[in-house]
Amino acid sequence: MYRVTFWGTRGSIPTPGAGTSRYGGNTPALEVRYETSNGAEVLILDAGTGVRALGQQLSSNGKPVSVDLLVSHTHWDHIQGLPFFRPFFEPGNAIRIWGARQGGIDLEEILRNQMSPVVFPVPLDSLAAELVVNHIEPGAFELAGFQVRAMQVRHPGMTLAFRLTPVGGGASFAYAPDNELGSGGDYDVPASWREDFVEFLSGADVLIHDAMYTSDELERYRGWGHSSNLEAIEIATEAGVKQLVMFHHRPEHDDDQVDIMVQETQEAAAGSGVDVVAAHEGMEITL
Ligand SMILES: [Zn+2]
Ligand SMILES: [Zn+2]
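Cut-off values and rules
- Residues numbered from 1 in each chain as written.
- Chains lettered and ligands numbered in written order.
- Predicted model: local features only at pLDDT ≥ 70, side-chain atom pairs only at ≥ 80, totals over all residues.
- Helix = DSSP H or I, 4+ residues; strand = E, 2+ residues; numbered from the N terminus.
- Contact = placed C-beta atoms within 7 Å.
- Pairing = 2+ DSSP bridges.
- Axes fitted to C-alpha atoms, helices over the stretch in contact; angles between N-to-C directions.
- Buried ≥ 20, exposed ≤ 12 C-beta atoms within 10 Å, placed from the backbone.

A. View of the overall build of the protein chain. On a plain count of helices and strands, the protein chain comes out with seven helices and 14 strands. Dimensions of the protein chain, computed from C-alpha atoms along their principal axes, come out at roughly 50 × 45 × 40 Å. For the protein chain, restricting intrachain contacts to residue pairs at least 6 apart in sequence, the fraction spanning at least 24 positions comes to 68%.

B. Looking closely at the sheet that holds strand β1 (residues 2-8). One open sheet accounts for seven strands, arranged β6-β5-β4-β3-β2-β1-β14; its pairing is mixed. The two strands at the open ends of the sheet, each matched to only one other strand, are β6 (130-135) and β14 (284-286). Ignoring which end each strand starts from, the neighbouring axes of this sheet average 20° apart. As defined by bridge partners, strand β4 (residues 66-70) adjoins strand β5 (residues 94-99) across five bridges and the pair is classed as parallel. Note that in β5 the partner of Asp 68 across the bridge is Arg 96.

C. Layout of the pairing of strand β9 (residues 160-166). Buried residues dominate β9, accounting for five of its seven residues. Where strand β8 (residues 146-152) meets β9, seven bridges bridge the pair, whose relative direction is antiparallel. The residue of β9 that forms the bridge with Gln 152 is Leu 160. Direction of pairing for β9 relative to strand β10 (residues 173-176): antiparallel, over a ladder of three bridges. Bridging across to β10, Phe 162 finds its partner in Tyr 175.

Below is the structure:
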C-alpha cells in the first residue's frame, strides 16, 4: 500500500485567494509515500509551489530527509517551489532529482539558472543538503520502490508522463499533468502517439490528467499544450482506468467553475465505469 498526497493542483501560476481555497492555489507537487519495513520511501512528483509546504512537513521531525524528486518537465509551474524546499537547506539531507534534458540543456543547469543571483538570492551551490541531479529519458526504470515508465507527451519540450507500479506489484497510477490530447500543436511524437498513450495508461487504477480547459476554452487555446475535461474523460474511458483525477486547474477558474467542470465530466463518464474527481490540495489517495 502507498499513499499519494496532492500538495499542489493548479496549473501555470499560483492562485491564492478565497475563490480557490477548496481546490487550492499551489502549482503541482505530489507526495508518493510508500511504507516499508525500513521506514518510509518518499517520491515527489514535480516541484511547483506546493512542494514548499511538503518540504516543511518532511523537515518537521528533525530526522534526515532522503527523497527522490521526479520532474515531468521544467516549465515554471513544475519547478518554481524548489528554491523554497526546506530540506535543501539542512545538512545531512539527501535529495535526488530526476528529469529529462530540455533541448540539450542539462537539468542541473536549468535548476541552477532558476537560482541565478539575478533572479534569486541563494545559489544552488550553497545548499547544505547533498544534491544529485540525474537524467532520465522515455522508457522504464526503477525509483524509490517503484517500477516507473516514462512516456513523452504532447506538450512543448521534453515533457514526460509517468506510470508508477510498486516493484513488488500492486495498484498503479499514471501522472500526466500537462498534455494536449487534441489536434493542436506540433510536437515531436510519432503518428502512433495516441494509441501508444492508451496502451501506456491501460488498466491504471488512477489517472491524474491535465483537464485545464472547458470545451470553449480549448477552441481558443489549441496548440498551447493542454486538454479539456471532456478530452481527459475520453482517454480515461478508452484506456479503461478506474478513476480520473482532473488536474492542473486553470488559474482563471475559481472553485465554482471547477465544480461545474467536475459535474460535466461525471455526466460524460456515466456508464463508463470511470469514477471522476478533481484534485484538491490535501487530497490523499491510498493504493
Ligand atoms: Zn504545467
Ligand atoms: Zn508545461
